[in-house]
Amino acid sequence: MAQAQVAPPGQLAVRLSGIGKQFPGVVANDDVNLEVRRGAIHAIVGENGAGKSTLMKILYGVQKPDSGTIEIDGSRVDLSSPADAISAGVGMVFQHFMLADNLTVLENVVLGAESRHGIGDAARKEVLRICESYGLHVEPDQLVERLGVGERQRVEILKVLYRGAQIVILDEPTAVLVPQEVEELFTNLRELKEEGLAVLFISHKLDEVLSVADEVTVMRRGSTVATVDPADVTARQLAELMVGSELPSPTTEASTVTDEVLLAVSGVSLPTADGRPLLEDISLQIRCGEVLGIAGVEGNGQAELVEAIMGMRPGVTGSVRLGERDLTALSTRARRECGISYIPEDRHRHGLLLDSPLWENRVLGHQTRPPSARGMLIDKTASRRDTERIIEQYDVRTPGPDVLARALSGGNQQKLIVGREMSGKPQVLIAAHPTRGVDVGAQAAIWRHIKDARREGLAVLLISADLDELIGLSDRINVILRGRLVSEFDPSQVTPQQLGSAMTGAGPDAETGR
Amino acid sequence: MTERLTKPLLAVAAPALALVAAFALTSLVLIIAGDPTGEVWSTILTPPEARNVVNVVNAATVYYLSALAVAIGFRMNLFNIGVDGQYRVATFAAAVVAGEAWLPGILGTVLAVLAAVLVGAAWAGIAGVLRASRGVSEVISTIMLNFIATSLVAYSLRRVAVREEGSNIIGTREIPAESRVPGLPLLGEVNGEIYGFVVVAALCGAGYWFLLNRTRFGFDLRATGQSPEAAVASGVNVKRMIVTAMLLSGGVAGLVGLPILLGSAYTYGSTFQSGIGFAGIAIALLGRNHPVGIALGALLFAYLEEQSNPLQILVDVSPDIVKITQGIIVLTVVISYEVVRRYGQRVEQRRVAQALERPEGERAGVTT
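Residues numbered from 1 in each chain as written. Chains lettered and ligands numbered in written order. Predicted model: local features only at pLDDT ≥ 70, side-chain atom pairs only at ≥ 80, totals over all residues. Heavy atoms only, no water.

1. Focus on the overall build of chain A
Scanning chain A from terminus to terminus reveals 18 helices and 22 strands. Relative to its length of 514 residues, chain A is compact, with a C-alpha radius of gyration of 24 Å against a globular reference of 24 Å. Judged by the C-alpha coordinates and their principal axes, chain A covers about 70 × 50 × 45 Å. Sorting the 514 residues of chain A into buried and exposed places 55% on the buried side. A fraction of 68% describes how many contacts in chain A between residues 6 or more apart in sequence connect residues 24 or more apart. A total accessible area of about 20,900 Å² is found for chain A, and carbon and sulfur atoms account for 47% of it. Side-chain charges in chain A split into 54 positive and 71 negative, and the spacing between the mean points of these groups amounts to 5 Å. (Helix = DSSP H or I, 4+ residues; strand = E, 2+ residues; numbered from the N terminus. Rg over C-alpha atoms; globule rule 2.2 N^0.38 Å. Buried < 20%, exposed > 50% of the residue type's maximum accessible area, 1.4 Å probe, protein only. Contact = heavy atoms within 4.5 Å. Areas by Shrake-Rupley, 256 points an atom, 1.4 Å probe, with all protein chains shown as cover. Lys, Arg positive; Asp, Glu negative; His and termini not counted. Charge placed at Lys NZ, Arg CZ, Asp CG, Glu CD.)

2. Some words on the nonpolar core
Generally speaking, soluble globular proteins have nonpolar side chains that are buried together. Within the largest apolar cluster, 101 residues are counted, with the highest numbers of intra-cluster contacts made by Y63, F197, L258, L261, Y268 and I283 of chain B. Counting residues per element, this core draws most heavily on helix 3 (residues 50-75) of chain B, which supplies 13 residues. Excluding residues that lie within four positions of it along the chain, Y63 of chain B makes contacts with Q273, I276, A279, I283, A298, F301, A302 and E305 of chain B. By size, the runner-up hydrophobic cluster in this structure holds 48 residues, among which are V105, V109, V144 and M242 of chain A. (Core = buried A, V, L, I, M, F, W, Y, C linked by side-chain atoms within 4.5 Å.)

3. With respect to the packing of aromatic side chains
Within this structure, the stated rule accounts for six aromatic pairs over all chains. Between F186 of chain A and F201 of chain A, the ring centres sit 5.7 Å apart and the planes meet at 70 degrees, which makes this aromatic pair edge-to-face. Of this pair, F186 of chain A sits in helix 7 (residues 179-194) while F201 of chain A is found in strand 8 (residues 198-203), placing the two residues 15 residues apart along the sequence. Of the residues examined, F186 of chain A reaches a relative accessible area of 1% and is grouped as buried. Grouped by ring-pair contacts, the aromatic residues F92, Y268 and F272 of chain B constitute a single cluster. Positioned over the ring face of Y266 of chain B is R180 of chain B, at 3.7 Å from the centre of the ring. (Phe/Tyr/Trp six-rings, centres within 6.5 Å; stacked < 30°, edge-to-face > 60°. Lys NZ or Arg CZ within 6 Å of the ring centre and 35° of its normal.)

4. Some words on the sheet that holds strand 16 (residues 340-343) of chain A
Residue and element names in this part refer to chain A. Spatial ordering of the open sheet is given by 16-19-20-13-21-22, a layout of six strands whose pairing is mixed. The sheet is open, and its two borders are formed by strand 16 and strand 22 (484-489), each paired with just one other strand. Each adjacent strand pair in this sheet contributes to an overall mean axis angle of 20 degrees, direction not counted. Direction of pairing for strand 16 relative to strand 19 (residues 428-432): parallel, over a ladder of four bridges. Residue pairing across strands places I340 opposite V428, the latter belonging to strand 19. Across the face of the sheet, helix 18 (residues 496-504) comes into contact with strand 13 (291-295), strand 21 (476-481) and strand 22 while running at roughly 35 degrees to strand 21. (Pairing = 2+ DSSP bridges. Axes fitted to C-alpha atoms, helices over the stretch in contact; angles between N-to-C directions.)

5. Here we look at the interface of chain A and chain B
When the parts of a complex come together, some accessible area is lost, and that lost area is often used as the size of the interface. Every contact between the two is made by 34 residues of chain A and, on the other side, 29 residues of chain B. In total, chain A and chain B occlude about 2,900 Å² of area from one another, counting both sides; carbon and sulfur atoms represent 59% of this. For the pair chain A and chain B, the interface holds three salt bridges. At the boundary of chain A with chain B, the tally comes to twelve residue pairs in polar contact (both at pLDDT 80 or more). Secondary-structure elements contributing two or more residues to the side of chain A that touches chain B are helix 11 (332-338), helix 12 (347-351), helix 13 (358-363) and strand 18 (377-378) of chain A. Examining the composition of the side of chain A that touches chain B, we find that three residues originate from one element, helix 11 of chain A, more than from any other. In terms of residue class, the side of chain A that touches chain B is built from 16 nonpolar, nine polar and nine charged. (Buried area = accessible area lost by both parts, 1.4 Å probe. Salt bridge = Lys/Arg side-chain N within 4 Å of Asp/Glu carboxyl O. Polar contact = N/O pair within 3.5 Å; in protein donor to acceptor, adjacent residues only side chain to side chain. Nonpolar A, V, L, I, M, F, W, Y, C, P; charged D, E, K, R; others polar.)

6. Looking at helix 5 (residues 105-134) of chain B
All names here are of chain B. In a regular helix each residue adds 1.5 Å, so 30 residues correspond to 44 Å; helix 5 covers 43 Å between its end C-alpha atoms and thus fits that length. The largest bend in helix 5 is about 30 degrees, located at G125. Just downstream of helix 5, G135 is the residue with a positive phi angle, here 70 degrees. (Expected span 1.5 Å × (residues − 1). Bend = angle between axes of the 7 residues up to and from the residue.)

7. Considerations on the pairing of strand 3 (residues 40-46) of chain A
Where burial is concerned, most of strand 3 of chain A is hidden: seven out of the seven residues are buried. Burial of strand 3 of chain A is two-sided: the residues A40, H42, I44 and G46 of chain A facing one way and the residues I41, A43 and V45 of chain A facing the other way are all buried.

8. A look at the domain arrangement of chain A
Residue and element names in this part refer to chain A. Along its sequence, chain A is organised into domain 1 (12-243) and domain 2 (287-316 + 330-504). A separation of 32 Å is found between the C-alpha centroids of domain 1 and domain 2. On the side of domain 2, 13 residues touch domain 1, which itself brings six residues to the contact. Here domain 1 and domain 2 share an interface that buries about 790 Å² over both sides, 63% of which is from carbon and sulfur atoms. Summed over the shared surface of domain 1 and domain 2, the number is zero salt bridges. Summed over the shared surface of domain 1 and domain 2, the result is zero residue pairs in polar contact (both at pLDDT 80 or more). (Domains from an automatic or database assignment.)

9. Let's talk about the pairing of strand 4 (residues 67-72) of chain A
Residues and elements named next belong to chain A. Here three bridges tie strand 4 to strand 5 (residues 75-77), and the two strands are oriented antiparallel to one another. Counterpart to E71 in the pairing with strand 5 is R76. Counting the residues between successive antiparallel strands, the hairpin from strand 4 to strand 5 contains two residues, one of them, D73, with a positive phi of roughly 50 degrees.

10. Looking at the pattern of salt bridges
Pairing is possible between side chains that carry opposite charge, provided their charged atoms lie close to one another. One pass over the full model with this rule turns up 36 salt bridges over all chains. Measuring nitrogen to oxygen at the nearest pair gives 3.5 Å for the salt bridge that ties R476 of chain A to E488 of chain A. Taken together, the residues R476 of chain A in strand 21 and E488 of chain A in strand 22 connect sequence positions twelve residues apart. The class for E488 of chain A is partly exposed, based on a relative accessible area of 46%. A salt bridge links E138 of chain B to R131 of chain B; its shortest N-O distance comes to 2.6 Å. Through salt bridges with shared partners, one network takes in R15, E35 and E71 of chain A.

11. Examining the side chain of S27 of chain B
Residue and element names in this part refer to chain B. Within the secondary structure layout, S27 lies in helix 1 (residues 2-33). By relative accessible area, S27 is classed as buried at 15%. Sequence-distant contacts of S27, defined by excluding residues within four places in its chain, comprise T37 and W41.

12. Overview of the confidence of the model for chain B
All names here are of chain B. Residues with a pLDDT of 70 or more make up 94% of chain B, whose mean pLDDT is 88. The low-confidence segment residues 359-368 (pLDDT under 50) makes three contacts with residues lying over four places distant or belonging to another chain. Interface confidence for the predicted complex, given as ipTM, is 0.83, next to a pTM of 0.76. (pLDDT = per-residue confidence, 0-100.)

13. Overview of a nonpolar patch on the surface
A cluster of nonpolar side chains, contributed by I140, I143, M144, F147, I148 and L152 of chain B, occupies part of the molecular surface with about 570 Å² of accessible area. With respect to the helices and strands, I148 of chain B occurs in helix 6 (residues 138-160). (Patch = residues over 30% accessible without salt bridge, like charges linked within 9 Å, V, L, I, M, F, W, Y side chains within 5 Å.)

14. Focus on the domain arrangement of chain B
All names here are of chain B. Domain annotation for chain B reports domain 1 (1-35 + 317-360) and domain 2 (59-311). Centre-to-centre, using C-alpha coordinates, domain 1 lies 28 Å away from domain 2. With 15 residues of domain 1 in contact, the opposing surface of domain 2 contributes eleven residues. The contact between domain 1 and domain 2 buries some 1,200 Å² in all, and 72% of this surface belongs to carbon and sulfur atoms. Interface area lost by domain 1 to domain 2 is led by V322, Q326 and Y337, which between them contribute 37%. On the surface where domain 1 and domain 2 come into contact, there are one salt bridge. At the boundary of domain 1 with domain 2, the tally comes to five residue pairs in polar contact (both at pLDDT 80 or more). When residues of the side of domain 1 that touches domain 2 are traced back to their parent elements, those giving at least two are helix 1 and helix 15 (321-362). Of all the elements, helix 15 adds the most residues to the side of domain 1 that touches domain 2, at ten residues.

Dropping the structure here:
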């Protein structure tokens, strides 16, 4: 069996010393030192861009460090590909799952590792043995497309273990999970640890880190700044280590909600060919100065709802009104011209032209309106000037408006998008995961802008997977489950756990139980 | 300052790199074949005579229009392989319209040009509509349409053609003298005339640049080419954009055969030059879809072909060797652009990082 020699717990599994990695223009890693013991869960926390992912890629052989050494189980190794890392016993579970939907769990696990136990009974036996010994509950013959997010993640972990990993890296594994699934994951991780594996856990959700980790290493600006015992620190202290400064919080001030309904969505459905609608009879109203939060597990219709309101989705029934105007028959462009702004969920795909300069990205979505356009022409001078205004007001860190969008960091890209969408006096702001993947500094700024928007009387639809963000910013929270709005909460009364229950359909408030 | 310099330098570096590689590889082919490498290059690189220059400019005019048509598609991530079919159908239509002389003189010319543009646009539009409505890849449909164009033109030619005296060549009725586009004897009468259509080609180039870089429509087109999802989110109707872009591309493709038709051939027959559309793809790649780059690429291709003509007589090497060079250029150009693009990206990122580090250090107190 591949699980050759499991070293006794407490022994060093990984030692990284003086790791440095330079990318052009990016703080990647600089003098990173890390020691991970067997039989322990070691968390790595840090802001986005602090160098966590780079470090993990180095340990998984995706990237070679410019300097420093990697020791695994006491002997120095040279990892120049993931294959090297796997044979050294390092496995990685990526944030985005890499599974073939149309294959079974067993097939997915064996795929690419056929040389270990073949593809027949021996492989099945081994998979079952791993499931058994690490307490991973998955049905080997189930098709992956039928699995939920938490189960898919277990398949990913299973894949890594099947390849003989003794050191398991998980890149932000909880980002896609609801609180209940997170608990399950943590139980699995504790099993792995009991069996003597070393678990490296990357996250920026500090409460989770504190609840599961045995050791926490904090990274900032590419370097490891401290390794602490979770028993000795609070989440706040950790966060302050991460950012090196005072912390923002998403709490809103006094309500600014008025009686005037700005955005009214009624009876919106999106039927599909297979009979299970993506959206079913959704009605919501957002008033002037109100933030309506939508909570839900990803893939329950949030993206479709946003696209329905923006007019990007063919086949949607029902109506959308903005104040007195019926938008139902209007195109996306016309809706934008009426004053609906849109911060898309995936800024690289929907929000930016990565290979275009910032000023052209300022024009995007505003092609027909001043200052971007003059008649049928694009007004470059005015667009550049207005881009400079956004750079100034929204603190976009860039040398100027002619830089390509790709060259900016995620947080700065997002600040540019927020600035753009707040331009041209919008009435409604649709913000889908506005702070996903941005650093704490940018997050605070974006929260501030959303609060400003609310105070200026915009109607804001906020979709987020970050329950703290939803609770902190919203005036009301609706829960979306399988394409339906199933319950409404008052953010001042609700806890993340209650929201989580409603999101999975398990809670008492949910209309549709399993 | 350095930034001002690096951008144009990088832009020139890619084609230069590609050309050097292409010449090296062609030399290798010559050496392996045992042909006199040095003499081949000295023949090709001999300064051309005035009459050769005229030929080069004329051929380049045709190539230029073809490459522009391809480039319009490229800017929107549409691969219009069908320029070849589009220009043949369009040129045939124009030849019939002008040859039948339904309108006198210059009016006949205008009508012929209009017919060519409309027919070319319609032919490409079929692929556009198929792509927008049914999701059929324009690569496949335009290739198919090329075949259909060949048969359609051959068939129609038989219906309308007049046979030349004592020859098997058939063609459309010859265009009356007053409907032809006069040439420009820029290098003296004896050396031949440059197609008057060169002016039209230049105007097309300028129009292309203006449309893409200055208008809302051009912005939408480029945005769609870069990221259809982002374009949709910004309010572009992508389906309409696909059809419009194909119509435009086809419209320009319709012009491709006209310099020859209205400037020297005066009839569309079975011997009318073919394959210009494919050369256009190569030239658009080489010219990086930039109107000036395309012009240089078109001139280079035309030059290589013109200068290779005497190879057979002078050094006993088939002029087809330049076809190899052209083919290699297309391959190397794609690679070297990618290499240079990545390098440029790194330079840009480094520049951004440096620019951000410095001022933040300097005005630390001001910003925070």
